[in-house]
Amino acid sequence: MHEIDAVDRRIINELQGGFPLSPRPYAEAAERLEMDEGELIERLQRLLDDGVLTRFGPMYHAERMGGGLTLAAMQVPEDRFEAVAEQVNAHPEVAHNYARDHVLNMWFVVATDRPDAIGETLKAIAAETGLEVFDMPKLREFFVGLRFEA
Amino acid sequence: MALNDKDRRLLHALQDGLPLVPRPYAAVAEAVGLSEADVVARLARLADEGVVKRFGVVVRHRELGYRANAMTVWDVPDEAVAATGRRLAELDFVTLCYRRPRRLPDWPYNLFAMIHGRDRASVLRLVEQATEVAGLAGHPRAILFSRRGFKQRGARYLGQPARPEPALAG
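J.: Even after reading the chapter, I still don't get helix α3 (residues 36–48) of chain B, so can you show me in this structure?
T.: Every α-helix winds through 3.6 residues per turn, so residues three or four apart in the chain are directed the same way. All names here are of chain B. In a regular helix each residue adds 1.5 Å, so 13 residues correspond to 18 Å; α3 covers 19 Å between its end C-alpha atoms and thus fits that length. Among the residues making up α3, those that are buried are E36, V39, V40, R42, L43 and L46. Buried residues of α3 fall within an arc of 165° about the axis and therefore sit on the same side. Across α3 from its buried face, at more than 90 degrees, point the exposed residues A37 and D48. Tucked into the core, α3 has its buried residues touching α1 (5–14), α2 (24–32) and β1 (52–59). One or two steps after α3, the chain reaches G50, where phi turns positive at roughly 80°.

J.: What exactly am I supposed to notice about unusual backbone geometry here?
T.: Glycine aside, residues mostly have negative phi angles, and peptide bonds mostly take the trans form. Following L104 of chain B, the chain continues to P105 of chain B via a peptide bond in cis, the omega torsion being 0°. Tracing the chain through its elements places P105 of chain B in the loop between β3 (94–99) and β4 (111–117). Residue E34 of chain A is not a glycine yet carries a positive backbone phi of 55°. Inspection of the secondary structure puts E34 of chain A in the loop between α2 (25–32) and α3 (37–49).

J.: Before we go on, may I ask you to explain the interface of chain A and chain B in this structure?
T.: Frequently, the measure chosen for interface size is the accessible area that the parts lose on association. Tallying the contact residues gives 76 residues for chain A and 91 residues for chain B. Carbon and sulfur atoms supply 61% of the area that chain A and chain B bury against each other, a total of about 7800 Å² over both sides. Viewed at the interface, chain B and chain A are joined by 4 salt bridges. Among the salt bridges present, the one from E141 of chain A reaches K53 of chain B, with a minimum N-O distance of 3.7 Å. Take the side of chain A that touches chain B: its biggest share by element is 8 residues, from strand β1 (residues 53–60) of chain A. Looking at side-chain class alone, the side of chain A that touches chain B contains 44 nonpolar, 17 polar and 15 charged residues. Summarising the sheet, strand β6 (residues 140–141) of chain A and β3 of chain B pair through 2 bridges and their orientation is antiparallel. Bridging from a neighbouring strand, E141 of chain A pairs with Y98 of chain B of β3 of chain B.

J.: Help me understand α2 of chain B, please; the structure alone is not making it clear to me.
T.: Regarding α2 of chain B, the residues found buried are P24, Y25, V28, A29 and V32 of chain B. Across the axial projection of α2 of chain B, the buried residues extend over an arc of 135°, all falling on one side. The inward-facing, buried residues of α2 of chain B contact α2 of chain A together with α1, α3 and β1 of chain B. Positive phi shows up at G33 of chain B, right after α2 of chain B, with a value of about 75°.

J.: Sorry, what's going on with the domain arrangement of chain A here?
T.: Each domain of chain A was delimited in the assignment, giving domain 1 (6–49) and domain 2 (63–135). Inter-centroid distance (C-alpha atoms) of domain 1 of chain A to domain 2 of chain A is 36 Å.

J.: Just to check I follow, could you spell out the packing of helix α1 (residues 6–14) of chain A against α3 of chain A for this structure?
T.: Each pair of packed helices can be summarised by the angle the axes make with each other and by the distance between the axes. Residues and elements named next belong to chain A. In contact at an axis separation of 11 Å, α1 and α3 are set at 90° when each is read in the N-to-C sense. Here α3 runs roughly perpendicular to α1, going by the angle between their axes. Across the interface between the two elements, V7, D8, I11 and I12 from α1 touch E39, L40, R43, L44, R46 and L47 from α3. Considered class by class, the residues forming the contact of α1 with α3 number 6 nonpolar, no polar and 4 charged.

J.: Explain the packing of aromatic side chains to me, please; I cannot follow it from the model alone.
T.: By convention here, two paired aromatic rings are described through the distance between centres and the angle between planes. Residue and element names in this part refer to chain A. Enumeration according to the criterion identifies 8 aromatic pairs over all chains in this entry. Taking 4.9 Å as the distance between ring centres and 90° as the angle between the ring planes, the aromatic pair formed by F19 and F56 counts as edge-to-face. Of this pair, F19 sits in the loop between α1 and α2 while F56 sits in strand β1; the two residues are 37 residues apart in sequence, bridging distant segments of the chain. You'll find F19 and F56 in the same group, each marked buried.

Calculation criteria
- Residues numbered from 1 in each chain as written.
- Chains lettered and ligands numbered in written order.
- Predicted model: local features only at pLDDT ≥ 70, side-chain atom pairs only at ≥ 80, totals over all residues.
- Heavy atoms only, no water.
- Helix = DSSP H or I, 4+ residues; strand = E, 2+ residues; numbered from the N terminus.
- Expected span 1.5 Å × (residues − 1).
- Buried < 20%, exposed > 50% of the residue type's maximum accessible area, 1.4 Å probe, protein only.
- Arc of directions from axis to C-beta.
- Contact = heavy atoms within 4.5 Å.
- Buried area = accessible area lost by both parts, 1.4 Å probe.
- Salt bridge = Lys/Arg side-chain N within 4 Å of Asp/Glu carboxyl O.
- Nonpolar A, V, L, I, M, F, W, Y, C, P; charged D, E, K, R; others polar.
- Pairing = 2+ DSSP bridges.
- Domains from an automatic or database assignment.
- Axes fitted to C-alpha atoms, helices over the stretch in contact; angles between N-to-C directions.
- Parallel < 35°, antiparallel > 145°, perpendicular 65-115°, else oblique.
- Phe/Tyr/Trp six-rings, centres within 6.5 Å; stacked < 30°, edge-to-face > 60°.

Pasting the structure below:
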């Protein structure tokens, strides 16, 4: 993997949102970044290839697309942790799963193409693992702006 | 606002990202059978409607040197949670901020903020700063560092993998 240089950092910092909706968007963005279109495209490709970026494009709002989204937590006995993680992750609706330092030690995001499917997925996970699943959907989002300083 | 079939086709075609070619909207348009102008206009509308939350880079935090992240949670009285949440969200190191339901007696916390830092010590300093700035001193709190991530991939909204934001905390 290449080292990220100052130009890469500028790209990452500047292109966190508001990518142009015009016929030559890379050319337009490149002009703001004082580079040429070809270099911007090449650098974005490299940042993707190196795994610095997971993707470049639009991010969707689950509920406004008509889907369901929630954060769920479980208390998993340590000696069963790997096995339960496999059971949970086997569900395609589970998007992310993190082990965290707490009595509730497994936290995962569930996203589905319709709202009802959230409950069905959590119920299935509870039944398969024999563990209680705490459903913690967002009640309100506080907007944090666009940020991630590279 | 309901998504129509053309919107869905377009969003589906873009869920792995925008093509890295000089005229990306023309490339997508061809793939889904729309015109370039229609693709651009639809994306502008979908952004206005909030279906597209953001359009740009999605970073892998760890690769940028943010090696520690803590989901930090507080128990805030319901009547104060909106004002407190807004203050937390203004801090530039808070990357996600939500109100969520308590699950008593197991889980008393209702305000969630994701805080990233270079390492644990810096995250802990930021948590203290957040506590002070948002007036959260004295409220019960927990700091849940991630030990590891097991699965980092897209979610499904359109019958096939898509990648939503809130990457970490739904």
